[in-house]
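# Survey of secondary and tertiary structure
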Amino acid sequence: MTDCQGDGEGTMSPMELFEKLNAQGEKVRSLKSAKAEKAEIDAAVQLLLKLKVDYKQMTGQDYKAGCPPSENLIVSNNGPAADDCDGEDLVDPWNVSASSTKGVDYDKLIVRFGSSKIDKELLERIEKVSGQRAHHFLRRGIFFSHRDMHQILDAYEKHKSFYLYTGRGPSSEAMHVGHLIPFIFTKWLQDVFDIPLVVQMTDDEKYLWKDLTLEECHRFTVENAKDIIACGFDVNKTFIFSDLDYMGASPQFYRNVVKVQKHVTFNQVKGIFGFTDSDCIGKISFPAIQAAPSFSSSFPQIFGGKKDVPCLIPCAIDQDPYFRMTRDVAPRIGLLKPALLHSTFFPALQGAQTKMSASDPNSSIFLTDTPKQIKNKINKHAFSGGKDTVEEHRKYGGNTEVDVSFLYLTFFLEDDEKLEKIKEDYTSGALLTGELKKILIETLQPMIAQHQERRKQVTDEMVQQFMTPRPLNYKF
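The name recorded for the protein chain in an unreviewed UniProt entry is Tryptophan--tRNA ligase, cytoplasmic, from Pundamilia nyererei. Quoted verbatim from the Sequence similarities (unreviewed entry) heading of the UniProt record, the comment on the protein chain is "Belongs to the class-I aminoacyl-tRNA synthetase family."

### Concerning the overall build of the protein chain
For the protein chain, the count of helices and strands is 21 helices and eleven strands. The 476 residues of the protein chain split such that 55% are buried. Across the protein chain, contacts joining residues at least 24 apart in sequence account for 76% of those joining residues at least 6 apart. A total accessible area of about 21300 Å² is found for the protein chain, and carbon and sulfur atoms account for 51% of it.

### Thoughts on the sheet that holds strand β4 (residues 143-147)
With mixed pairing, the seven strands of this open sheet are ordered in space as β3-β4-β9-β8-β5-β6-β7. Lying at the two open borders of the sheet, with one neighbouring strand each, are β3 (116-117) and β7 (238-242). Strand direction decides the pairing type here: β4 and strand β9 (residues 339-343), joined by four bridges, are antiparallel. Across the sheet, the residue bridging to Ser 145 is His 342, located in β9.

### Things to note about the confidence of the model for the protein chain
When pLDDT is averaged along the protein chain, the result is 89, and 90% of the positions lie at 70 or above. Scored below 50 in pLDDT, residues 1-10 makes 37 contacts in the model with residues more than four places away or belonging to other chains. Counting interchain partners and residues more than four positions distant, the pLDDT-below-50 stretch residues 74-86 has 16 contacts.

### With respect to the pairing of strand β8 (residues 311-316)
Summarising burial for β8: five of the six residues are buried, a large majority. Bridge count for strand β5 (residues 163-168) against β8 is two bridges, and the pairing is parallel. In the sheet register, Leu 164 faces β8, and the bridge partner there is Leu 312. Of the pairings in the sheet, the one linking β8 to β9 comprises five bridges and is parallel in character.

### Regarding the pairing of strand β6 (residues 197-201)
Within β6, five of the five residues are buried, which leaves the element mostly enclosed by the surrounding structure. For β5 and β6, the ladder comprises five bridges, and the chain directions are parallel. Across the sheet, the residue bridging to Gly 167 is Gln 200, located in β6. Following the chain from β5 across helix α7 (residues 177-193) to the adjacent parallel β6, one finds a crossover that is right-handed. Sheet topology places β6 next to β7; five bridges connect them, and they run parallel. If you follow Val 198 over to β7, its bridge partner there is Phe 239.

### Overview of empty space enclosed by the protein
One pass over the structure, following the stated rule, counts two cavities of 30 Å³ or more. Put simply, the second largest cavity is a space of about 120 Å³. Every residue lining the second largest cavity is counted, 16 residues in all, and those nearest its centre are Gln 46, Lys 50, Leu 90, Val 91 and Arg 112. When contributions to the lining of the second largest cavity are tallied by element, the ones reaching two or more residues are α2 (38-59), β1 (90-91), α12 (266-273) and α15 (320-329). Residues that form the lining of the second largest cavity fall into these classes: seven nonpolar, three polar and six charged.

### Structural notes on the pattern of salt bridges
Within the structure shown, the criterion is met by 30 salt bridges. The partner of Lys 117 in a salt bridge is Asp 107, and the shortest N-O contact between them spans 3.1 Å. On the criterion of sequence distance, the pair formed by Lys 117 in strand β3 and Asp 107 in helix α3 (residues 106-113) is long-range, its members being ten residues apart. Looking at Asp 107, the relative accessible area reads 47%, which means it is partly exposed. Note that Lys 270 is salt-bridged to Asp 277, the shortest N-O span being 3.9 Å. The class of Lys 270 is partly exposed, set by a relative accessible area of 21%. Salt bridges linked by common partners bring Glu 223, Lys 226, Asp 227, Arg 455 and Asp 460 together as one network.

The rules behind the values
- Residues numbered from 1 in each chain as written.
- Predicted model: local features only at pLDDT ≥ 70, side-chain atom pairs only at ≥ 80, totals over all residues.
- Heavy atoms only, no water.
- UniProt positions renumbered as here; feature names shortened; annotations may be inferred.
- Helix = DSSP H or I, 4+ residues; strand = E, 2+ residues; numbered from the N terminus.
- Buried < 20%, exposed > 50% of the residue type's maximum accessible area, 1.4 Å probe, protein only.
- Contact = heavy atoms within 4.5 Å.
- Areas by Shrake-Rupley, 256 points an atom, 1.4 Å probe, with all protein chains shown as cover.
- Pairing = 2+ DSSP bridges.
- pLDDT = per-residue confidence, 0-100.
- Right-handed = clockwise from strand over helix to strand, strands pointing away.
- 1 Å grid on protein atoms, 1.4 Å probe; cavity = no way out; pocket = protein on both sides within 12 Å on 5 of 7 lines; lining within 4 Å.
- Points joined across faces, edges and corners; volume = space filled by probe spheres on them.
- Nonpolar A, V, L, I, M, F, W, Y, C, P; charged D, E, K, R; others polar.
- Salt bridge = Lys/Arg side-chain N within 4 Å of Asp/Glu carboxyl O.

Put into structure tokens, the structure is as follows:
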């Protein structure tokens, strides 16, 4: 994950951060009393929440106005205090950390982000309109939140199609299994609704945030595109593009970028994304580039210049700040707001408090891992919800809410009845942690081996075909 704090906050003392919090709190109050624009107030509140999380990580204490930190305070460099307090979860496009061992509180996040829960009624409607049983990611609450999904379905029922937009930030050659989640789900959406898809490869973002050369970022784009293509996308309905290539080749795309840039202030991006004065100007302007694919006019070769084709974005909830900004700007530049479907985070092997990191090989199961590596990583590193001894486990049972092997099975074991039986057996104590890990190993090993086999069939020519701007087959 990239570090969205730049070099600013890391060099602050607890007292300086406390004073910054006081000033930000005052700013929020003055904006509210002046009845400022909602977007500006939201941006200021987001920055306030982020500063509170930084303060807690630095001091181990919750921020309270009028209660400055002790001068004798020992500053912690080890992240948040290890208690299970009712603190704020930190969720932004570069950092995810939860205050509870159960992971992020998604119900609270829905309230904080102002999205809507995917309820039974919406699930039934998706099944009715698509004519298919809902994907297990929907049934199990892995995709749990949305913005304007009902409007997408309204349009589809009136025979007005839509398109899908998702993306990948290519920071390394190998992707991990968590990276597959949006693509597995997007493939299902493409199949059941028979619609076009654009996939943005943000190689420019990775160059701005990581210590990588432009050439490395572009090479990672091509390598990651092979993994995405191996998910089975239809070349006649899918356009994968590198920002480094497409921005210079598509005047309409760049014009939409500039329109968004004009309508978002520096204060707003600081508030939404936590940028500081130490961040390079490329970071500050990048959100407009991630916004542009939300608009059909960015792809004239696909949509023939139409501005009114609705867009649906399946993504993890940490990407939502980009699209809150996009949805705020869209009406002001005469374009449609994109709709979204949000997923939960795929947990690290070490537990649900953080998401997987491509930079820590033991936090992830990579798509390049051998069967032996998969087995060893799960046996050695997968956080257990079981008890310390077999006797205790048989008596009290395990906790599926924190057990990583069970959490992984909710993503990758498609059989609902089998999953429910595993849950019953583990919580009753009939199934031991080692046995649960064995089930996960036997689920992941063939899945990843099959993916590796499909990836081997993806040639450089196929990648070129997917990445060439061209018309796509769709029915409007």
